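Observations on chain architecture
Spelled out from the first residue to the last, the chains are:
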Amino acid sequence: MSSTQIDKILNIYKRLCQIPTFVSARIIPMNLHAFTVQSIWSQKNMEKHSKQKFLKECSYNSQLELIAENMPVDITTELLTTFSKDEKLKAILRDVTVEGKSKQFIEIWDKQCLNKSYDLSAFDVHGDVYTEPTFHAFQWSNDNTRLLYVAETKLPKCEPFYKQKPKPKPKAEKSNDEEEPSRGTEYIYKPDWGEQLVGKHKSVVVVLNIAEDTIEPITTIPNDYFPAQVLWAPNDSDIIGVAYKLKTKYLGLYSCTNRESYIFQLKGKEFCKITSEGLFCTSPRISPNAQYLIWIERTINPAHNNVERLMYMNLDGEYKPEVLIDTVRKEAIIADGKKFYGLYNQNLPKHCWSVDSKYIFLSTPQRSIIKSYVVTLETKTITEIDNPDGTSLLIADVNKNYLALVKFALTKPSQLTVGKFDSALPNIGQLTLFKDTNAFSIPDGENLMFEHTEYLYETDESVKDFNFTYFGKNGGPDKSTPLIAVGHGGPHSSYCNMYYPDYVLLTLLGFGVLQINYRGSTGLGGDNVDYLLGKIGDVDVRDCVTAIDTALAKYPWLDPKKVNLYGGSHGGFLAAHLSGQYPEKFKSAVILNGVIDIASMYSTTDIPDWCRAGIGFSILEKIPQEGDAITYSNLLLKMLQHSPITYVDKVKIPTLVVIGTKDLRVPSFQGKLWYNRLIENNVPTKLLVYEDNHSLRKDNVDIDNSINVALWFIEQNDQ
C-alpha cells in the first residue's frame with residue numbers, strides 16, 4: 001500500500017474524527033418562558049490519542065426559538081454530574097491525578113463557586129465510585145443535604161505472609177480504628193461481572209452528608225445482593241433501586257439482560273423486594289408527583305437479550321406491580337394503527353415523565369430504526385412520536401414537558417433537537433421540533449444513500465422475516481462497487497439507522513456496506529429473537545447469504561465478484577462461517593474477536609450460558625450425569641458442530657483477524673486458532689493483536705484498527 005493511499009485514508013479519518021458523538025443532554029427551566037439545554041459530547045483528539053468530553057449550552061424561549069448559545073467547555077475529567085431538584089447545587093464526581101496517582105473527588109458547587117470538595121480516598125470507606133450505566137447512581141436528596149451513590153465495597157487490607165516491618169507499636173499507642181491486615185490473602189480470587197465490568201466485585205450504597213461532612217456506607221442491604229441504580233424514595237429517607245442476586249459464580253452482565261435482579265425498597269433497615277423471582281429488572285424511575293414507580297423487566301430465558309415489559313406501581317397503594325407495555329412476541333397494534341415490536345434492552349431516560357405524571361416518554365429499536373413513544377399511564381396507550389424524515393429518534397431528557405431529543409441516521413451524525421409535548425393535541429405524538437445548531441454533516445457525503453429492505457421467506461418456518469440495510473453510493477456503472485457484508489454482534493442486538501464512523505469511512509473509500517439484521521435480532525418481536533436459539537451457524541448464515549444475493553440483484557452497481565465479509569463477536573462468527581461454507585463466493589474477510597470454536601470457548605468465556613443456549617440447550621450450567629439424555633462429550637461435540645472451525649479447511653479468501661488480549665467475552669485464543677489454521681493452509685492472513693477488551697474501542701486501538709481494516713479491504717479489492 002502506497003504512502004499516498006494511506007494518507008488519503010488518514011485524511012478522511014481525521015475529518016470524521018472532527019464530528020463529535022452525543023453523550024447526554026439535560027433540560028434546565030430558566031423561567032416560565034425559557035429553558036436551557038446542556039448537552040455533553042465526546043470528540044476524538046488525534047494528537048492526544050484520546051477522547052475529549054465537552055459541554056454545550058443552548059437557551060430557547062417557549063416557542064423553541066434559539067436565544068443564546070455558549071461556547072463548548074471541556075469537562076473531560078468529570079465522571080458524573082447531578083443537580084439538586086431546586087437547581088441550587090451541583091455535584092461533580094471528578095477523576096484527578098494527584099502526585100501521579102488517579103483519585104476520585106466529589107465537588108459541591110453552588111451558583112457562585114466551589115462550595116466543598118471531598119477526597120474520597122481520604123475517607124477510606126469504599127472503593128471507586130461506579131460510573132457505568134448498568135450500576136451507577138448519583139442523586140441529591142430533596143433537602144439538598146445528602147448525595148446518594150454506588151461504589152465498590154472497601155476490600156479488607158491484606159499483605160504477604162512475609163513482609164519486613166518496623167518494630168510493633170506498644171498496645172497503648174495503637175489506634176482502635178487501625179485495621180489489622182490479613183496475611184497471605186492478596187491472591188484470593190474475587191469474582192466480578194466480566195467483560196467491561198472488570199473489578200466490580202461487590203457494590204455498596206453510600207450517602208455523602210454535606211451538612212455533616214460524613215460519608216457512610218449503607219450496611220443493611222443483605223450481602224447476597226449487589227445493589228445498583230438507587231434512588232431516594234419520595235419520603236427522602238428510604239431507598240429504591242435494583243439488586244442483582246449474587247450467585248457462587250458471576251456470569252457476564254455486559255449486554256446480557258437474562259441475569260436475576262429485583263426492584264427493591266430499603267425501608268429503614270428493612271430490605272423489601274418489590275418484584276418477583278425469575279426476572280431481570282432495571283431503570284426504576286419515580287414520577288414527579290411521587291405517586292408512581294416505573295421500571296423495565298423481562299422474564300429470564302436463554303436469549304441474553306430479549307423483549308421486555310414496562311411496569312408500574314402506585315406507591316400510595318398496595319405495592320402491586322402492573323403491566324404498562326407487555327412483551328410483544330410478533331407485533332402489536334398501537335395508537336393510529338401503527339405497528340409496535342416491543343421494548344429491547346433500553347435504559348429509560350433519567351427524566352422520562354410529563355410534568356403532570358400522566359405520560360412517560362421512551363425510545364426503543366424497531367426493526368431498522370430507533371423510534372420514540374409516549375405512553376399514557378391511565379389508558380396504557382402507546383403513541384409513536386412523529387418523525388417523518390426516517391431518521392432514528394432518541395429521547396435524551398424531559399423537563400416541564402420540554403423534550404431534548406437526538407436525531408441520527410447512517411448518513412447523518414447525531415443532531416440535538418428540542419420539542420414540546422402538548423397533551424391537549426388530538427395526536428399527542430405530534431411534537432413541535434426545533435433543530436439545534438449542532439448539525440454536522442459527512443464530508444463529501446453528498447452521493448451516499450441508505451435503504452432498508454424487509455425480507456419474508458416463502459417457507460413453512462415459524463419465523464420467516466428479517467431485514468437488511470444498504471449504505472453506500474447512490475448508483476454508478478454496473479458492477480463497479482465492491483460490497484462489504486456485515487452481520488452485527490450479539491447475536492441478540494440489531495443494526496438501527498445510526499451513524500457508524502467506521503462504515504462511513506469505508507463508503508467514502510468507495511465501498512458499499514450491507515448491514516444485516518438476521519433472524520435472532522432484537523426489534524423484530526420476541527419470537528424472532530428466540531428463533532435463533534439452537535440454530536446458530538445455520539439460520540443466521542442463510543439470512544446473510546439471502547441478504548447479499550438480494551442486494552446484488554437490487555443494486556446493479558454492486559460487483560458480485562467483490563463481496564467482502566466483516567464482523568465482530570457473533571458478526572465475526574458469521575464472517576468465519578460464511579467464508580468456510582461458501583469459499584467461492586467472497587473476496588476477503590475481516591474478523592474482529594470472532595467466535596471460532598464454541599466448545600473451547602465454553603470453559604473460558606464470561607457467558608458460558610450462551611454457549612449452551614446458542615446450540616439449543618438449557619442455560620443451567622452443570623456436567624451431565626450418567627443416564628442424562630446427553631453426555632458431556634456429546635454436548636461439546638454439538639458445540640463444535642455449530643462452530644466455524646469445522647469449515648476452516650475450506651477457506652480460501654484472504655482474512656484479517658483482529659483480537660483483544662483482555663477480551664473476556666470471546667477470549668483471544670479463538671482468533672489465534674483461526675489465524676493459525678489459515679496460515680497452515682497457506683491462506684493469506686494477517687493477525688492484529690491489541691491490549692484491549694472485546695469492544696476494541698480503546699482510543700489508540702480504535703484509530704489503528706479502523707485504518708488497518710480500511711487498508712485491508714482496499715488491498716484485497718484492488719487485485
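Residues numbered from 1 in each chain as written. Predicted model: local features only at pLDDT ≥ 70, side-chain atom pairs only at ≥ 80, totals over all residues. Heavy atoms only, no water.

**Observations regarding the overall build of the chain**
Short version of the rule: Elements are defined by DSSP. Helices are runs of H or I of four residues or more, strands are runs of E of two residues or more, and each kind is numbered from the N terminus. The reference for a compact globule is 2.2 Å times residues^0.38; the radius of gyration itself is calculated from the C-alpha atoms. Residue burial is assigned from relative accessible area. The probe radius is 1.4 Å, only protein chains are included, and a residue is buried under 20% of its type maximum, exposed over 50%, and partly exposed in between. In what follows, a contact means two residues having at least one pair of non-hydrogen atoms within 4.5 Å. In these tables, accessible area is a Shrake-Rupley quantity obtained with a 1.4 Å probe, and a residue counts as shielded only by the protein chains included in the view. For the purpose of counting charges, residues Lys and Arg are taken to be positive, whereas Asp and Glu are taken to be negative. His and the chain ends are not included. Every charge is mapped to an atom, namely NZ of Lys, CZ of Arg, CG of Asp or CD of Glu.
Along the backbone of the chain there are eleven helices and 42 strands. For the chain, the C-alpha radius of gyration of 27 Å lies close to 27 Å, the compact-globule estimate for 719 residues. In terms of principal-axis extent, the alpha carbons of the chain reach across some 80 × 70 × 60 Å. A burial count over the chain gives 55% of its 719 residues as buried. Partitioning the contacts of the chain with sequence separation of at least 6, the portion at a separation of at least 24 is 60%. For the chain, the computed accessible surface area is about 31300 Å², with 51% contributed by carbon and sulfur atoms. Of the side chains in the chain, 78 bear a positive and 87 a negative charge, and the two mean positions are spaced by 2 Å.

**Structural notes on the sheet that holds strand E17 (residues 225–232)**
Note on sheets: strands pair through backbone hydrogen bonds, and any given pair is parallel or antiparallel. Put simply, the rule is: Think of it this way: DSSP has to see at least two bridges between two strands before they count as a pair. Axis definition: a line fitted to C-alpha atoms, limited for helices to the stretch in contact. Angles are taken between N-to-C directions and run from 0 to 180 degrees.
Pairing in this open sheet of four strands is antiparallel, and the strands run E17-E18-E19-E20 from one edge to the other. The open sheet has two edge strands, E17 and strand E20 (270–273), and neither has a second partner. The mean angle between the axes of side-by-side strands here comes to 30°, regardless of whether they run parallel or antiparallel. Alignment of strand E18 (residues 239–245) against strand E19 (residues 261–267), held across six bridges, turns out to be antiparallel. Note that in E19 the partner of glycine 241 across the bridge is phenylalanine 264.

**Describing the nonpolar core**
We count it as follows: The nonpolar core is taken to be a set of buried Ala, Val, Leu, Ile, Met, Phe, Trp, Tyr and Cys residues, with the residues joined through side-chain atoms within 4.5 Å.
Formed by 66 residues in total, the largest nonpolar core has its most connected members in Tyr470, Leu514, Ile516, Leu558, Leu565, Met639 and Trp674. In terms of residues, this core owes the most to one element, helix H5 (residues 539–554), which gives eight residues. Once you skip the residues sitting within four places of it in the chain, leucine 514 turns out to touch Phe468, Thr469, Tyr470, Leu483, Ile484, Ala485, Val486, Ala547, Ile548 and Ala551.

**Concerning the sheet that holds strand E28 (residues 359–366)**
One open sheet holds the three strands; their spatial order is E28-E29-E30, and the pairing between them is antiparallel. Of all strands in the sheet, those with a lone pairing partner are E28 and strand E30 (381–384), marking the two edges. Each strand of the sheet is rotated relative to its neighbour by a mean of 35°, with strand direction disregarded. By the bridge criterion, four bridges tie strand E29 (residues 369–376) to E30 in an arrangement that is antiparallel. Note that in E30 the partner of valine 374 across the bridge is threonine 383.

**Quick notes on the packing of aromatic side chains**
The relative placement of two aromatic rings is captured by the distance of their centres and the angle of their planes. The following threshold applies: Ring geometry is summarised as follows: Phe, Tyr and Trp rings, the Trp one being its six-membered ring, pair when their centres sit within 6.5 Å, and such pairs are stacked at plane angles under 30 degrees, edge-to-face over 60 and tilted between the two. Ring-over charges, as used throughout, are those where CZ of Arg or NZ of Lys falls within 6 Å of the ring centre and within 35 degrees of the ring normal.
Evaluation of the coordinates by the stated rule reveals 34 aromatic pairs. With 5.7 Å between their ring centres and 75° between their planes, tyrosine 566 and phenylalanine 713 make a pair best called edge-to-face. Here phenylalanine 713 lies in helix H11 (residues 699–717) and tyrosine 566 lies in strand E39 (residues 558–568), a separation of 147 residues in the sequence. We classify tyrosine 566 as buried; its relative accessible area is 8%. Note on phenylalanine 713: relative accessible area 0%, which makes it buried. In this structure, lysine 245 packs its charged tip against the face of tyrosine 225, placed 4.8 Å from the ring centre.

**Focus: the side chain of arginine 298**
Just so we agree on the cut-off: By definition, a salt bridge exists where a carboxyl oxygen of Asp or Glu is found within 4 Å of a side-chain nitrogen of Lys or Arg. Whenever two N or O atoms come within 3.5 Å, that pair is a polar contact, provided that in protein one can donate a hydrogen and the other can accept it, and provided that, for residues adjacent in sequence, both atoms are side-chain atoms.
One can find arginine 298 in strand E22 (residues 292–299). Buried charge without a partner: arginine 298 forms no salt bridge, and the closest opposite charge is glutamate 308, 6.0 Å away. A polar atom in the side chain of arginine 298 sits 2.8 Å from the side chain of threonine 257. Side-chain polar atoms of arginine 298 contact the backbone oxygen of histidine 304, separated by 3.4 Å. Ignoring anything within four residues of it in the chain, the contact list for arginine 298 reads Thr257, Asn258, Gly278, Leu279, Phe280, Ala303, His304, Asn305, Asn306, Val307, Glu308 and Arg309.

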